[in-house]
Amino acid sequence: MVDDAHGVGVLGKGRGTPAQQNQQPDLLIGTLSKALGSYGGYVAADRPVIELIRNRARSLIYTTGLPPAAIGAALAALDIMENDPDLCAKPLMAAQYFCQALGLPEPQSAVVPLILGSAEKALAAQAKLLARGYLVVAIRPPTVPDGTARLRFSFSASHRQRDIDGLIAALQDTGIIS
Ligand SMILES: *Cc1c(COP(=O)(O)O)cnc(C)c1O
């Protein structure tokens, strides 16, 4: 099973991690709420598996269907992804640029963690960046293991070079990264 929440729309020319790695998982799940900018999600699998989920998954059966506007937005995003692979490549390129500038390991996705240690440290760094106009979220235990609280940078296709340069400068000026 592959959870491609961070891959779809970004990796493999937008087609996601299985396309990038030339694999076909038995179960492929993903969200419409990240790269696609809408809401909801999907499961791709063989018909019997889909029928089982449709008839047995309580979280699906007892949840109201998605609003038509959200489905319309996701379909429009799929059209864009299909026709504009360069746009899909931008978030990862932004992450790569960012990591290279700061000497961080080469990113595998457009979401880049910077491990700071304590929750207090991560929250303080988040506040410093917010004061400079950058929304970077602190991720703390229990979402991540104790002692590995971090900042999580999420790059998008709409970030410009100067946005990323400004973020790099903010990280250095505030002493979050030396
Ligand atoms: C965001 C995310 C989800 C959940 O997506 P929702 O649409 O918010 O339910 C699931 N798996 C991973 C790995 C995610 O990053």
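Below: a short report on this structure. Model, not experiment: these values are computed from the prediction. (Residues numbered from 1 in each chain as written. Predicted model: local features only at pLDDT ≥ 70, side-chain atom pairs only at ≥ 80, totals over all residues. Heavy atoms only, no water.)

Broken down by element type, the protein carries seven helices and six strands. The N-to-C order of helical and strand elements in the protein reads β-α-β-β-α-α-α-α-β-α-β-β-α. The C-alpha extent of the protein, read off along each of the three principal axes, is 55 × 35 × 30 Å. Taken over 178 residues, the protein has a buried fraction of 33%. (Helix = DSSP H or I, 4+ residues; strand = E, 2+ residues; numbered from the N terminus. Buried < 20%, exposed > 50% of the residue type's maximum accessible area, 1.4 Å probe, protein only.)

Here we take up the sheet that holds strand E4 (residues 111-117). Pairing is antiparallel in the open sheet, where three strands are placed in the order E4-E6-E5. Each edge of the sheet is formed by a strand with only one pairing partner; in this case those strands are E4 and strand E5 (137-139). The sheet shows a mean angle of 30° between the axes of neighbouring strands, direction not considered. As paired elements, E5 and strand E6 (residues 149-154) share three bridges and run antiparallel to each other. Within E6, the position partnered with Ala138 by the bridge is Leu151. (Pairing = 2+ DSSP bridges. Axes fitted to C-alpha atoms, helices over the stretch in contact; angles between N-to-C directions.)

We now examine the site of the ligand. Close to the ligand lie Asp3, Ala5, His6, Thr31, Ser33, Lys34 and Gly40, which account for all nearby residues. The side chain of Asp3 places a nitrogen or oxygen atom 2.6 Å from a nitrogen atom of the ligand. One of the side-chain N or O atoms of Lys34 is found 2.5 Å from an oxygen atom in the ligand. Contact with the protein chains hides 47% of the accessible area of the ligand, taken as 390 Å² for the molecule alone. (Near = heavy atom within 4 Å. Polar contact = N/O pair within 3.5 Å; in protein donor to acceptor, adjacent residues only side chain to side chain. Areas by Shrake-Rupley, 256 points an atom, 1.4 Å probe, with all protein chains shown as cover.)

To continue, consider the nonpolar core. Counting 21 residues, the largest nonpolar core has Phe98, Leu129, Leu151, Phe153, Phe155 and Leu171 as the members making the most contacts within it. For this core, the secondary-structure elements that each account for two or more residues are helix H5 (85-102), E4, helix H6 (119-131), E6 and helix H7 (161-173). For Leu151, the residues in contact, after removing those within four places along its chain, are Val112, Pro113, Leu114, Leu116, Ala122, Ala125, Gln126, Leu129, Val136, Val137, Ala138 and Ile176. Counting residues in hydrophobic clusters, the runner-up holds seven residues, among them Val8, Leu36, Ala77 and Met81. (Core = buried A, V, L, I, M, F, W, Y, C linked by side-chain atoms within 4.5 Å. Contact = heavy atoms within 4.5 Å.)

Given a rise of 1.5 Å per residue, 13 residues ought to cover 18 Å, and the 18 Å separating the end C-alpha atoms of H6 matches this to within 8%. The complete set of buried residues in H6 reads Ala122, Ala125 and Leu129. The buried residues of H6 occupy an angular sector of 65° when the element is viewed end-on, so they sit on one face. Residues of H6 that are exposed and angled more than 90 degrees away from the buried face: Glu120, Leu130 and Ala131. Here the buried face of H6 lies against E4, E5, E6 and H7. (Expected span 1.5 Å × (residues − 1). Arc of directions from axis to C-beta.)

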